[in-house]
Amino acid sequence: MATNFGKIRALLDLCRKSKFVDFTFDHHVLQNLRFAPIGQMLRNNLRQQCSTLLEAGVTIGQQRIPVFTGDGKINFGENIQRLLRSQRPAITPPFGITVEGCAEAGTTALPFTNSTTNLEVDSNGPVVCTSYLIEATHAPHFFQQAQRQRKIWWMRLSANPGRFFISDAYHTEGDGCERSVVRLRAQFTEPDGPENASDVVDLEWLELLSGQQVIKDFPKVFITDSLPSVVNIRQHIDRMTLAVLMDALDSPTARGAIRLHRKIAPFKCAILCHAKDSARQGELGDLAKHIAHVLRKADISLLDSIYTQHLTDDDAANRIATFDACGVPYAFVLRDESLETGLLQLRSRDTTLCETIHLSDLPHYLIKLVRS
């Protein structure tokens, strides 16, 4: 059985080959890690999915909790003061404020890290923190609900949903503040032996805070006999992006594919022209360009790699493998008969199966697939 480090190195090399990340190794220490262009697209898509969920809001009973954008350079109390001055009519709890800043420069452990591999990365990437002001009687239930929601979100995006779990809570008291903290974690590897713990990585941090110290900067209008509580959800976006990549590769059915969820995949589809008659490859190329125009007009991201040269069966298989390695969930395969019938083969990366659709179904059918 390969060591964890050997597995880590192989997965990271695949990510580099597919232009998601770039890095160097020095004595088993990862250095100069950065996101390559496709990795930056993945990070942006993941950040957008986080924002979309926050904008949809969390509910307490039938009440949706609004979330506002704040300033990461000031604290939560000062953000509330600013929000009160700008909102008409004035807001009342419960509500949330999201801020984005940079992590402190330092060493952040990567997924699969353990004490024997010493695999680390310097990172001061974006950190998103959403703070909710909640009535004290509702705060514990909301805290539990937020944990479930975040876990479900990760499971839906994952190639292996069973790897995600919530850590045990730990509690601290003192200096006028009571704090309960849990971490949303992912397990990436199996133990090498009965005495070794599985490698896990912390993805998000959730805190329930209460007490006089927590609300010292809050507007007095929010401080009554029942002091409000605060629930924080903290997300390190670079760490989350790396975990998504590791999860997409660390799957029994990956087969060299990066199984990114269609909602966060940098490219939603690709096009392959595979003519039996080499004389028709150019015509298929023209059809492919038309399809590409239709998809881009519908704001569907397309891997720009339309080959007009004639492809052998091996060439076509290699192109499909390239699409899979870039995490592209769907690929259109155009053949000679597509020119006469308008029928296209739509291949799924995850099942490797094709279904037949008509040119007139674009882009609506694909939009339905990638947004579901």
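Being a predicted model, the structure only gives us computed values, none of them experimental.

### Side note on the pattern of salt bridges
Okay, so step 1: Across all of its chains, the model carries 15 salt bridges by this definition.
Okay, so step 2: Residue aspartate 22 is joined to arginine 34 by a salt bridge in which the shortest nitrogen-to-oxygen separation is 2.9 Å. With aspartate 22 in strand S1 (residues 21-26) and arginine 34 in strand S2 (residues 29-35), this pair connects stretches of sequence that are twelve residues apart.
Okay, so step 3: Classification of arginine 34 by relative accessible area gives partly exposed; the value is 48%.
Okay, so step 4: Two residues, glutamate 340 and arginine 280, come together in a salt bridge whose shortest N-O distance is 2.7 Å.

### Describing the layout of surface pockets
Okay, so step 1: For the second largest pocket, the calculated volume is near 370 Å³.
Okay, so step 2: If you go around the second largest pocket, the residues you meet are Met41, Asn45, Gln48, Gln49, Lys263, Pro266, Lys268, Asp299, Ile300, Ser301, Val370 and Arg371.
Okay, so step 3: For the lining of the second largest pocket, the secondary-structure elements that each account for two or more residues are helix H2 (37-56) and helix H9 (364-371).
Okay, so step 4: With four residues, the top contributor of residues to the lining of the second largest pocket is H2.
Okay, so step 5: Along the lines of polarity and charge, the residues of the lining of the second largest pocket split into four nonpolar, four polar and four charged.

### Observations regarding the pairing of strand S18 (residues 354-358)
Okay, so step 1: Bridge analysis of strand S17 (residues 343-348) against S18 gives five bridges, and the strand direction is antiparallel. The partner of glutamine 345 across the bridge, within S18, is threonine 356.
Okay, so step 2: Between S17 and S18, which pair antiparallel one after the other, the connecting turn spans five residues, and threonine 352 there sits at a positive phi close to 65 degrees.

### Here we look at the environment of aspartate 217
Okay, so step 1: Along the polypeptide, aspartate 217 turns up in the loop between strand S13 (200-210) and strand S14 (229-236).
Okay, so step 2: Among the residues examined, aspartate 217 registers a relative accessible area of 32% and is labelled partly exposed.
Okay, so step 3: Sequence separation between aspartate 217 and phenylalanine 76 is 141 residues, and the spatial gap between their C-alpha atoms is 8.1 Å.

### Section: the sheet that holds S17
Okay, so step 1: The four strands are arranged S15-S16-S17-S18 in an open sheet whose pairing can be described as mixed. Looking at which strands have only one partner, the edges of the open sheet turn out to be strand S15 (269-273) and S18. Direction aside, the axes of adjacent strands within the sheet are offset by 30 degrees on average.
Okay, so step 2: Strand contacts of helix H6 (residues 281-297): S15, strand S16 (330-334) and S17, with the helix running at about 165 degrees to S15, the strand carrying the most contacts.
Okay, so step 3: Where H9 meets the sheet, it contacts S15, S16, S17 and S18, and its direction lies at approximately 155 degrees from that of S16.

### Quick look at the packing of aromatic side chains
Okay, so step 1: The final tally for this structure, using the stated rule, is five aromatic pairs.
Okay, so step 2: Geometrically, the ring pair formed by tryptophan 153 and tryptophan 154 is edge-to-face, given 5.3 Å between the ring centres and 85 degrees between the ring planes.
Okay, so step 3: Judged by relative accessible area, which is 9%, tryptophan 153 ranks as buried.
Okay, so step 4: Tryptophan 154 gets classed as buried once you look at its relative accessible area, which sits at 2%.

Definitions and limits used
- Residues numbered from 1 in each chain as written.
- Predicted model: local features only at pLDDT ≥ 70, side-chain atom pairs only at ≥ 80, totals over all residues.
- Heavy atoms only, no water.
- Salt bridge = Lys/Arg side-chain N within 4 Å of Asp/Glu carboxyl O.
- Helix = DSSP H or I, 4+ residues; strand = E, 2+ residues; numbered from the N terminus.
- Buried < 20%, exposed > 50% of the residue type's maximum accessible area, 1.4 Å probe, protein only.
- 1 Å grid on protein atoms, 1.4 Å probe; cavity = no way out; pocket = protein on both sides within 12 Å on 5 of 7 lines; lining within 4 Å.
- Points joined across faces, edges and corners; volume = space filled by probe spheres on them.
- Nonpolar A, V, L, I, M, F, W, Y, C, P; charged D, E, K, R; others polar.
- Pairing = 2+ DSSP bridges.
- Axes fitted to C-alpha atoms, helices over the stretch in contact; angles between N-to-C directions.
- Contact = heavy atoms within 4.5 Å.
- Phe/Tyr/Trp six-rings, centres within 6.5 Å; stacked < 30°, edge-to-face > 60°.

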